[in-house]
Each structure stands twice: as C-alpha cells, then as structure tokens.
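Descriptive structure summary
For reference, the chains in residue letters:
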Amino acid sequence: QVQLVESGGGLVQAGGSLRLSCAASGRTSSPDTMAWFRQAPGKDREFVAAISRGGSSVYYADSVKGRFTISRDNGKNTVYLQMNSLKPVDTAVYYCALSRYANVGADGPGAYDYWGQGTQVTVSS
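Below is a summary of the structure that appears in this document. (Residues numbered from 1 in each chain as written. Predicted model: local features only at pLDDT ≥ 70, side-chain atom pairs only at ≥ 80, totals over all residues. Heavy atoms only, no water.)

This brings us to the pairing of strand S11 (residues 119-124). The two faces of the sheet receive side chains in turn, since in a regular strand these alternate between them. Here S11 shows a buried face lined by Thr119, Val121 and Val123 and an unburied face lined by Gln120, Thr122 and Ser124. Sheet analysis places strand S2 (residues 10-13) next to S11, joined by 4 bridges and oriented parallel. Following the sheet pairing, Leu11 is matched in S11 by Thr122. Alignment of strand S9 (residues 92-99) against S11, held across 3 bridges, turns out to be antiparallel. Within S11, the position partnered with Ala92 by the bridge is Val121. (Buried < 20%, exposed > 50% of the residue type's maximum accessible area, 1.4 Å probe, protein only. Helix = DSSP H or I, 4+ residues; strand = E, 2+ residues; numbered from the N terminus. Pairing = 2+ DSSP bridges.)

And the structure:
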C-alpha cells in the first residue's frame, strides 16, 4: 500500500555531512507521521527523528539534536534527513518509516506501519 525508498547514504569523514531522502508512494495520506531510524551492527533499531504531516512538529533523539534536521516536502511526498557534524558512532543503516496514526513523539519501531529498505551511512574517523 505504501512504498518507501531511501537514498543518499554513503561514506563520509567525521565532521562531514550527508542528506538522506525518502520518497513515499502509494496510499499516503494525512495524518501520516514520518521518521528516520537507524541500526548499527549488533544493536537494536534506534529512533533518530520524526516529523508531523504538515512539518510543523519535529522530534529528535538526544544523540542527534543540534546536528541532524528532518524536513519534508509533501508536494514531492519526500522526507529528508540533513546530517551535519557526523561522527563514527552515527555509522548505521538508516531506515525511513511511516505511521498512519502515531504522533510525532512516537519513538518506538512498533508505532510505524511501513519501512524502507534502508541506506548505509558510514562515517570514518
């Protein structure tokens, strides 16, 4: 019903920047909340950031606050994650997620209904 496709991952040196994109297609509709999660090898999937349907409300994990910015362009059905001042600990597969009903403060993977395939981000020291 909903397909999410991430892009923009890659290899970057510590202190560098990357912008991830997630294009949504299918039955997207209000009040979808969209989010980014990440998963490093051997670790649980971790919440990164979320944004409300209209983009007026955002929520960040403490570990990325002040460095990452989530935004969305509803005309393009796309959500972005601008990542600045990257650190080696940010290395992970980054996943885009969509929730039909959760509010922007939902930070558990179980609150999200649809997931992308993930994009690898590697930060070298």
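This next bit is on the state of the cysteines. For the structure on display, the rule yields 1 disulfide. Here Cys22 is linked by a disulfide to Cys96, with a sulfur-sulfur distance of 2.1 Å. Judged by the sign of its S-S torsion, about -80°, the cystine formed by Cys22 and Cys96 is left-handed. Of the two residues, Cys22 is situated in strand S3 (residues 18-26) and Cys96 in strand S9; the sequence distance between them amounts to 74 residues. (Disulfide = S-S within 2.5 Å.)

All right, on to the nonpolar core then. Among the nonpolar cores identified, the biggest contains 37 residues, and Leu4, Met34, Trp36, Leu81, Met83 and Tyr94 are the most heavily contacted of them. Secondary structure elements with two or more residues in this core: strand S1 (2-7), S3, strand S4 (33-39), strand S5 (46-51), strand S7 (68-73), strand S8 (78-83), S9 and S11. In this view, Met34 contacts Leu4, Cys22, Ala24, Ala49, Ala50, Ile51, Ile70, Arg72, Val79, Cys96, Ala97 and Leu98; residues no more than four positions away in its chain are not counted. (Core = buried A, V, L, I, M, F, W, Y, C linked by side-chain atoms within 4.5 Å. Contact = heavy atoms within 4.5 Å.)

In this section: the pattern of salt bridges. Applying the stated criterion across every chain, the model contains 5 salt bridges. Across the pair Arg100 and Asp32 runs a salt bridge, and its minimum N-O distance is 3.3 Å. Linking Arg100 in the loop between S9 and strand S10 (114-115) with Asp32 in the loop between S3 and S4, this pair joins segments that are 68 residues apart in sequence. Using a relative accessible area of 1% as the deciding quantity, one classes Asp32 as buried. As a salt-bridge pair, Asp90 and Arg67 come within 2.8 Å of each other at their nearest N and O atoms. Of this pair, Asp90 sits in the loop between S8 and S9 while Arg67 sits in the loop between strand S6 (58-60) and S7; the two residues are 23 residues apart in sequence, bridging distant segments of the chain. With respect to burial, Asp90 and Arg67 carry one shared label: buried. The network of salt bridges with common partners includes Arg38, Glu46, Arg67 and Asp90. (Salt bridge = Lys/Arg side-chain N within 4 Å of Asp/Glu carboxyl O.)

As paired strands, S1 and S3 are joined by 6 bridges and run antiparallel to one another. Within the sheet, the bridge partner assigned to Val2 lies in S3 and is Gly26.

Taking strand neighbours across the sheet as the criterion, the 4 strands line up as S1-S3-S8-S7 in an open arrangement whose pairing is antiparallel. This sheet does not close on itself; its edge strands, each paired only once, are S1 and S7. Going from strand to strand, the sheet's axes swing by 15° on average, the running direction of each strand aside. Where S3 lies against S8, 6 bridges are found, and the strand directions are antiparallel. Bridge pairing links Cys22 to Val79 in S8. (Axes fitted to C-alpha atoms, helices over the stretch in contact; angles between N-to-C directions.)

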